[in-house]
Amino acid sequence: VKLAGLDLLDSQAVDQVLSQMKQPRSPQLMAGMQEIILKWVEIMRTKFDVLVLPHHTQVVCMIICLQYIMARLKGVETDVGALICQVSTGEGKSAVLAMLAVFCAKIERKKVHVVIDDEELLLRDFDTFKSLFDSFGLKANVCVTPERLQTDGPTHPHMAVRVDPEADIVYCDAAKLQSHYARIAKNGNANFEAEYSQRVLLLDEVDSLVIDNSPNVPFVYKNDELSRFATQVAARFTAMGSVDGMARTPSEVRVVQVMQRAWALGMKMVPGQDFLQGAMYNLHVKIENGKADPLAWSLPLECRNFADNRASTIEFREKLFIMSRANVYRKYGALVGLSGSVGNAAEQEYLTRVYRAQVVKVPVFLSTCTGAAYFEAEQREVHVCDNEPKQLAKVSEHAFENRLKVPVLIIAGSRKEASRLVRELRHIAESKQLNPQDVVRDLTRSLYETNPEQFKENLFKVGQSVARGPEQPFRVSVTDSTGGRGVDYRVTNPQADKHGGLLLIITEVPRVQRDWVQYLGRTGRQDNHGQWSVVLNRGDYAEDEEKHGQRLEASTAVDTILRWGNASSEQKISGLRQEYHRGTRMNEICEYVWQHDLIQQAKDREVLVQLCNNYSNMSISQINQCAAKITGLNPQQVRTVAEEVGSAPRMVRANTLSQVTKSWAGQPRSVLLVVDRSSSMMSQDATLRGTRRSRFDVCRESIMDIFLHHVDDQDSMGLYTFETDVKEVFPLTEKGSQRAKIEEMIKGMPGPSGLTKFYDAVLTGINQLKDRAGPKYLIALTDGDDNMSRSQPQGQLVTEAVRAAIPDFNLIVITVGSDVKPLMIEGIKCWCSIVKSTGNIGSYIGAANPAGLGDAFAAVAEMITADEGHIED
């Protein structure tokens, strides 16, 4: 198409261009693209009376993607399992994805799934291109939450809660794809080869492929019989009654164990942080990754709804299916991702190894145009503040000073921080005699979920000046991390561009390179200038500073944080290999079990539940052995691409199948605490629930919390203290039969006095535990150096004891305050390292600031609870 010399704002010239575009083309790829682009141009002309053509970089990107897709769909042998195109933010990924979807659906006659993991962006893109899909007579749907379907569904018939298998094009998030797969798998006789080879997967961003969490997803299914029993258990908890003797079967024993922990966790859930109160049908709704998700099931939340009289029953679900994300995504006939960033070297290596992905970098359009202006966002200021109040003061000063010349967008690290910033900045605006609601605009996820129309108005006004005239002050907008990705903040004001364009103020640099690229992509778009500043709270990075032994300095803070993140990412991805192969094997087995309907009998269902709960510790051969206990299943007949990776260290000692299955059966645990009761524990520098308390008081209440909420009735618990000597408060005692007595003994612990006999106390604990069957936990705490263990002044006897490799022995040691010398800490770390090397928990927790003692005990509770691995959404 010849454009030279034409005035593209002239209607006759536009007609001339369209006439050229209608000339027939060949081969099929070019002819199909021509038809699709022509339709889009005509639609845009009808809407806006302007000629909108794809950039040549967009067209070349489409050609590359379609050549790959067509080859894959024809079964052409290729080394490329997935194609990832790196397309910078603001370069029109959405249009490319939509046109690829139309080509695959209309020309290739394949079903297409387009994945965008943000509902706002998902709806924006689908609505933008819905007319294009309609113009080709394609059935296109967008998947939304039940809540949105209820409010918007009557006027938007293209909305659905689930993926429609008959739709030509479906826009959805990754979770909807996973649920779609699970429904296919659950229905017997599914032919996955036929089902997926005729579908194309298009991804906006590669986050769904580069696993930020686990590569495997457990699916849970309701068990009606156990739901009724769980409801009875919850009723007992509500009435403060005992659940002793309620369980009559192994499944019911498991339910009681799980419900005890879920109830405790549910009562600790924080409204607005963990769930939205009464957000749907009067029920609490879980918040996941900063978003309210009405579809997310959580047993702790079920308990909280029951306790708050929001629900009269408990829905009890069991893990009965493990999905390997990679295993499912590879089933598609072709897989294409368009992404602003393809991640660091470790993430790119993961994509290559798991998906056989090839990366193509698409240049920025303006960088390929002669004489065109192209600007990258420029750094302005970087500050590292010592605390949160100083950070707020600097953010406020920087924002209100710069809003006089340019729009300001603050990107906070979380929705909670963003909402707090909105409140604080509005107070400051009011003190400056400004209209706080107008000058400070809320663009948080919380507002989007509660008042989407107001959110849209605020988004529209981001780049607009507050007043006309030579002085054009702008607004300060505040968003959270979700607003740092994919959202287009339009700024076309020439005065703002003259002064550097939209100013980003970032209050927490993300530790993921992909997120940082996305943040910076919110400004400096197309031919506009852009700029950014960073204002950090050092407290947000205290753990990283301690871990890496490096203090953040303003001049290098951004690079340092990204380097820390890359190191963490590399470590995480290097550890995914075993998890990936175990998940792949479980996915294959679960497919077979559901396809052949092999869990009709309770005993077979129980085997699958236990297998889904425990596979992550097992070797591939152990998974096969245990799966063989399901009637009608011969694992040798189930094809696999999983490689043998061995068992996790905790399972190495399980040499026989009976040992493995025994480890499932909820073996009673032995939990023994050894706690410092020397005089220094009276120091009033600890904190519990916001109240200043003595170190000893926090210990006593935390021990009670562990006993009540993290130790099951069949478990045993013991408590020893030490000062000048080691003293027994109560020996290892089964909780169920002695609950009231143990509570009284914890409450009646004598107060602190004397010196510190730490090493001998730890050795006493080991000796009490070493001959016990099942999992053993020794939790020790001290706030000072040992000065009384005459037979082992450096803890030599403890070192010998932990080197004996006691089966199923776990060690957690807490030190409090700054009086424990580095030499003693190194010895403790050595013990923990030895225990950890045997595949058990070996953890040192240093609470240098005694105010964090309660958090240290919370971490202990999490460790001894997480080891059971039963509570998952």
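This report concerns the structure included in the present document. (Residues numbered from 1 in each chain as written. Predicted model: local features only at pLDDT ≥ 70, side-chain atom pairs only at ≥ 80, totals over all residues. Heavy atoms only, no water.)

## Quick look at the packing of aromatic side chains
Aromatic ring pairs are described here by two measures, namely the spacing of the ring centres and the angle between the planes.
Here is step 1 of the chain: All chains considered together, the criterion is met by 17 aromatic pairs.
Here is step 2 of the chain: Summarising the aromatic geometry, the rings of Tyr-221 and Trp-594 are spaced 5.1 Å apart at their centres and angled 40° between planes, so their arrangement reads as tilted. With Tyr-221 in strand β7 (residues 216-222) and Trp-594 in helix α23 (residues 576-595), the pair connects residues that are 373 residues apart, well separated along the chain. We note that Tyr-221, like Trp-594, is buried.
Here is step 3 of the chain: Ring geometry for Phe-237 versus Trp-263: centroids 5.3 Å apart, planes at 50°, classification tilted. Linking Phe-237 in helix α9 (residues 224-238) with Trp-263 in helix α10 (residues 250-268), this pair joins segments that are 26 residues apart in sequence.
Here is step 4 of the chain: Classification of Trp-263 as buried rests on a relative accessible area of 13%. (Phe/Tyr/Trp six-rings, centres within 6.5 Å; stacked < 30°, edge-to-face > 60°. Helix = DSSP H or I, 4+ residues; strand = E, 2+ residues; numbered from the N terminus. Buried < 20%, exposed > 50% of the residue type's maximum accessible area, 1.4 Å probe, protein only.)

## Thoughts on the sheet that holds strand β2 (residues 111-115)
Paired through their backbone hydrogen bonds, the strands of a sheet run either parallel or antiparallel.
Here is step 1 of the chain: Strand order in this open sheet of eight strands is β4-β3-β5-β2-β6-β12-β1-β13, and the pairing throughout is parallel. Both edges of this open sheet fall to β4 (159-160) and β13 (357-361), since each of them pairs with a single strand only.
Here is step 2 of the chain: Each of β2, β5 (169-172), β6 (199-204) and β12 (334-339) is contacted by helix α4 (residues 93-107), which is oriented at about 175° to β6, the strand it contacts most. (Pairing = 2+ DSSP bridges. Contact = heavy atoms within 4.5 Å. Axes fitted to C-alpha atoms, helices over the stretch in contact; angles between N-to-C directions.)

## Focus: the pairing of strand β17 (residues 476-479)
Here is step 1 of the chain: Residues of β17 alternate between two faces, with Val-476 and Val-478 on one and Ser-477 and Thr-479 on the opposite face, all of them buried.
Here is step 2 of the chain: For strand β15 (residues 408-411) and β17, the ladder comprises four bridges, and the chain directions are parallel. The residue bridging Ile-410 from the neighbouring strand is Val-478, located in β17.
Here is step 3 of the chain: Here strand β16 (residues 440-443) runs beside β17; their pairing, made up of four bridges, is parallel. By the bridge assignment, Leu-443 is partnered in β17 with Thr-479.

## Topic: the nonpolar core
Here is step 1 of the chain: Ile-69, Ile-169, Tyr-171, Leu-202 and Tyr-355 are the most contacted members of the largest nonpolar core, which has 151 residues in total.
Here is step 2 of the chain: With 11 residues, α4 is the single largest residue contributor to this core.
Here is step 3 of the chain: Ile-69 has contacts with Cys-104, Val-200, Leu-202, Ala-334 and Val-336, leaving out every residue within four places of it along the chain.
Here is step 4 of the chain: The next biggest cluster of nonpolar side chains, apart from the first, holds 35 residues, and it includes Val-698, Ile-706, Ile-812 and Ala-861. (Core = buried A, V, L, I, M, F, W, Y, C linked by side-chain atoms within 4.5 Å.)

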